[in-house]
Amino acid sequence: MDIFSYYLVAFILGLMGSGHCLFMCGGLMSALTLGQPSESTPKILFFSNLGRLTSYCFIGILIGFLGVWLADQHQLMGKVLRSMGGCLLILMGLYIAQWYPGLKAIERIGAGLWRKSRARLSPNLSKPSGMFLFGILWGWLPCGLIYSTLVWASTQASSPIQAGLLMLFFGFGTLPMVATTGLFSQTLSGLIKRKYVNVVMGITIMAFGLWTIAAPWLMSVHQH
């Protein structure tokens with residue numbers, strides 16, 4: 001696939017995994033807007049999600065440097081890293097399908113630090129700068145979905161900038177679920193609570209993972 005296809009895949013990963021985002025971050029968004037004037041809600045949603053996506057992009061660039069450097073050291077290392085990214089996608093798919101909750105261990109790491117930091121920033125949510133900083137911190141929230149996509153993005157990109165853009169498109173995919181409120185959010189919540197929806201999304205993500213693992217090895221066989 002070309003890089004533009006990977007951007008689409010990253011967006012789809014965010015969209016399919018956003019059911020998890022609704023349960024993990026939807027309550028956070030509700031807490032942010034609770035007690036605020038209704039006219040402030042769009043501004044809060046905009047600046048906090050802008051900060052969150054900024055963090056995703058920055059983390060993608062940061063890890064992208066590491067991924068590209070390691071891949072340049074040896075051709076085999078690049079294949080191994082891609083296989084790791086594919087394995088994490090498979091774990092993500094198992095998690096979303098509710099077949100194996102292994103990624104929850106990642107989310108428990110640093111949860112206490114997040115709660116303390118959130119308490120410090122919450123009083124400053126009346127200002128756009130405070131909302132943006134809150135979003136920046138939100139982007140570092142321990143999340144198996146984000147970390148799995150991050151490893152995948154760092155192994156698919158040919159440059160750190162591309163890795164950052166892949167994470168940005170992943171973030172775009174999560175926006176419809178995370179940033180919606182009211183009736184539409186309740187409708188989405190009801191949909192993703194259906195077992196078959198989670199299973200279909202999980203299987204699709206696992207298929208991405210299997211392709212990520214197999215593609216570089218198949219290309220090597222074809223070249224020989």
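Definitions and cut-offs
Residues numbered from 1 in each chain as written. Predicted model: local features only at pLDDT ≥ 70, side-chain atom pairs only at ≥ 80, totals over all residues. Heavy atoms only, no water. Helix = DSSP H or I, 4+ residues; strand = E, 2+ residues; numbered from the N terminus. Contact = heavy atoms within 4.5 Å. Patch = residues over 30% accessible without salt bridge, like charges linked within 9 Å, V, L, I, M, F, W, Y side chains within 5 Å. Areas by Shrake-Rupley, 256 points an atom, 1.4 Å probe, with all protein chains shown as cover. Salt bridge = Lys/Arg side-chain N within 4 Å of Asp/Glu carboxyl O. Phe/Tyr/Trp six-rings, centres within 6.5 Å; stacked < 30°, edge-to-face > 60°. Buried < 20%, exposed > 50% of the residue type's maximum accessible area, 1.4 Å probe, protein only. Polar contact = N/O pair within 3.5 Å; in protein donor to acceptor, adjacent residues only side chain to side chain. Core = buried A, V, L, I, M, F, W, Y, C linked by side-chain atoms within 4.5 Å. pLDDT = per-residue confidence, 0-100. Axes fitted to C-alpha atoms, helices over the stretch in contact; angles between N-to-C directions. Parallel < 35°, antiparallel > 145°, perpendicular 65-115°, else oblique. Nonpolar A, V, L, I, M, F, W, Y, C, P; charged D, E, K, R; others polar. Left-handed = near helix turned anticlockwise from the far one by under 90°. Expected span 1.5 Å × (residues − 1).

*Asks:* Teacher, can you tell me more about the overall build of the chain here?
*Replies:* Assigned secondary structure in the chain consists of 10 helices and 0 strands. Along the chain, from the amino end to the carboxyl end, the secondary structure elements read α-α-α-α-α-α-α-α-α-α. Long-range contacts, defined here as pairs at least 24 residues apart, represent 79% of the contacts in the chain between residues at least 6 apart.

*Asks:* Just to check I follow, could you spell out a nonpolar patch on the surface for this structure?
*Replies:* Together, L76, M77, V80, M84 and W217 give the surface a local cluster of nonpolar side chains, amounting to about 430 Å² of exposed area. Of all the elements, helix α3 (residues 75-96) adds the most residues to the nonpolar patch, at 4 residues.

*Asks:* Before we go on, may I ask you to explain the packing of aromatic side chains in this structure?
*Replies:* Between two aromatic rings, the relevant description is the distance of the centres plus the angle of the planes. Evaluation of the coordinates by the stated rule reveals 6 aromatic pairs. Judged by centre distance (5.0 Å) and plane angle (15°), the ring pair of Y7 and F169 falls under stacked. Placement of the pair is Y7 in helix α1 (residues 3-33) and F169 in helix α8 (residues 160-178), with a sequence separation of 162 residues. Here Y7 falls in the buried class, since its relative accessible area comes to 10%. Classification of F169 as partly exposed rests on a relative accessible area of 29%. Judged by centre distance (5.9 Å) and plane angle (45°), the rings of Y56 and F170 are tilted.

*Asks:* How should the side chain of T174 be read in this particular structure?
*Replies:* On the secondary structure map, T174 appears in helix α8. The exposure class of T174 is buried, given its relative accessible area of 0%. Of note is the side chain of T174, whose polar atom sits 2.9 Å from the side chain of R52.

*Asks:* Just to check I follow, could you spell out the nonpolar core for this structure?
*Replies:* Across soluble globular proteins, nonpolar side chains show a tendency to be buried alongside one another. In this structure, L13, M92, W152, L166, M167, F170 and I205 are the most contacted members of the largest nonpolar core, which totals 28 residues. Among the elements of the structure, α1, α2 (41-73), α3, α7 (144-156), α8 and α10 (195-223) are those that each provide at least two residues to this core. Looking at this core element by element, the count peaks at 7 residues for α1. Dropping the residues within four chain positions of it, M92 is found in contact with L103, L145, S148, T149 and I205.

*Asks:* Which parts of the structure should I look at to understand the confidence of the model for the chain?
*Replies:* Where the model shows low pLDDT, its predicted coordinates should not be examined in detail. In this model, the chain carries a mean pLDDT of 78, and residues with pLDDT of at least 70 account for 72%. By mean pLDDT, helix α9 (residues 183-192) is the weakest element of the chain at 57, and α8 is the strongest at 91.

*Asks:* When you look at the packing of α2 against α3 in this model, what are you seeing that I'm missing?
*Replies:* How two helices pack is summed up by the angle between their axes together with the distance between the axes. The N-to-C vectors of α2 and α3 enclose an angle of 135°; their axes lie 5 Å apart at closest approach. Our classification of the angle between α2 and α3 gives oblique. For the pair formed by α2 and α3, the contact residues are G67, L70 and A71 on the first element and Q75, M77, G78 and L81 on the second. Grouping the amino acids of the contact of α2 with α3 by side-chain chemistry returns 4 nonpolar, 3 polar and no charged.

*Asks:* I'm lost on the packing of α2 against helix α6 (residues 128-138) in this one. Help?
*Replies:* It is at 6 Å that the axes of α2 and α6 come closest, and there the two elements cross at 40°. By the angle between their axes, α2 is oblique relative to α6. Two packed elements cross with a definite hand, and for α2 against α6 that hand is right-handed. The residues of α6 that touch α2, namely those facing K43, I44, F47, S48, N49, L50, G51, R52, T54 and S55, are P128, M131, F132, G135, I136 and W138. For the contact of α2 with α6, the class distribution of residues is 8 nonpolar, 6 polar and 2 charged.

*Asks:* Before we go on, may I ask you to explain the environment of L133 in this structure?
*Replies:* Structurally, the position occupied by L133 is in helix α6. Residue L133 is classed as partly exposed on the basis of its relative accessible area, which comes to 48%. As for L133 and S55, which are separated by 78 residues in sequence, their C-alpha atoms are 10.0 Å apart.

*Asks:* How should I be thinking about α3 in this particular structure?
*Replies:* Working note: α-helix, 3.6 residues per turn, so residues spaced by three or four point in the same direction. With 22 residues, α3 extends 32 Å from end C-alpha to end C-alpha; this agrees with the ideal 32 Å at 1.5 Å per step. Among all positions of α3, only G78, K79, L81, S83, G85, G86, L89, I90, M92, G93, Y95 and I96 are buried. Of the residues trailing α3, Q98 is marked for its positive phi of about 65°.

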